[in-house]
Amino acid sequence: MGYYELKKSTKDTPQPYYFVLKAGNHEIIATSEMYASKQGAMNGIASVVTYLKG
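Keep in mind the model is a prediction, meaning the values are calculated, not measured.

**Side note on the side chain of Lys22**
Part 1 of the reasoning: Turning to its location among the elements, Lys22 is positioned in strand β2 (residues 17–22).
Part 2 of the reasoning: In this structure Lys22 comes out as buried when scored by relative accessible area, which is 15%.
Part 3 of the reasoning: A polar side-chain atom of Lys22 sits 3.4 Å from a polar atom in the side chain of Glu5.

Below you can see the structure in the form of structure tokens.
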């Protein structure tokens, strides 16, 4: 089963948050766009989960 990792860029940027979707074997499947807030990135994860559930 896949999972998400919420990350914060080490670069000084106005949109430092993003998430990575990983497969059960820990390979990266997708990387999100950058978000200005942690909550924005979490909302992005929720959106992807909703889409994948169909």
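Read on for the rest.
**Structural notes on the pattern of salt bridges**
Part 1 of the reasoning: Scanning all chains against the criterion turns up two salt bridges.
Part 2 of the reasoning: A salt bridge links Glu5 to Lys7, with the nearest nitrogen and oxygen atoms 3.4 Å apart.
Part 3 of the reasoning: Between Lys22 and Glu5 there is a salt bridge, and its shortest N-O distance comes to 3.4 Å. With Lys22 in strand β2 and Glu5 in strand β1 (residues 3–8), the pair connects residues that are 17 residues apart, well separated along the chain.
Part 4 of the reasoning: When salt bridges with common partners are traced through the structure, they connect Glu5, Lys7 and Lys22 into a single cluster.

**Comments concerning the nonpolar core**
Part 1 of the reasoning: Within the largest apolar cluster, five residues are counted, these being Tyr17, Phe19, Tyr35, Ala41 and Ile45.
Part 2 of the reasoning: At the level of elements, β2 and α1 (38–53) are the ones that each hand at least two residues to this core.

**With respect to the sheet that holds β1**
Part 1 of the reasoning: As summarised here, the arrangement of the three strands in space is β1-β2-β3, forming an open sheet in which the pairing is antiparallel. Looking at the sheet topology across the chains shown, the edges are occupied by β1 and β3 (28–31). Geometrically, the sheet is characterised by an average inter-axis angle of 25° between neighbouring strands, direction not taken into account.
Part 2 of the reasoning: Where β1 meets β2, six bridges bridge the pair, whose relative direction is antiparallel. Looking at β2, one finds that Glu5 is bridged to Val20.

What counts and how
Residues numbered from 1 in each chain as written. Predicted model: local features only at pLDDT ≥ 70, side-chain atom pairs only at ≥ 80, totals over all residues. Heavy atoms only, no water. Helix = DSSP H or I, 4+ residues; strand = E, 2+ residues; numbered from the N terminus. Buried < 20%, exposed > 50% of the residue type's maximum accessible area, 1.4 Å probe, protein only. Polar contact = N/O pair within 3.5 Å; in protein donor to acceptor, adjacent residues only side chain to side chain. Salt bridge = Lys/Arg side-chain N within 4 Å of Asp/Glu carboxyl O. Core = buried A, V, L, I, M, F, W, Y, C linked by side-chain atoms within 4.5 Å. Pairing = 2+ DSSP bridges. Axes fitted to C-alpha atoms, helices over the stretch in contact; angles between N-to-C directions.

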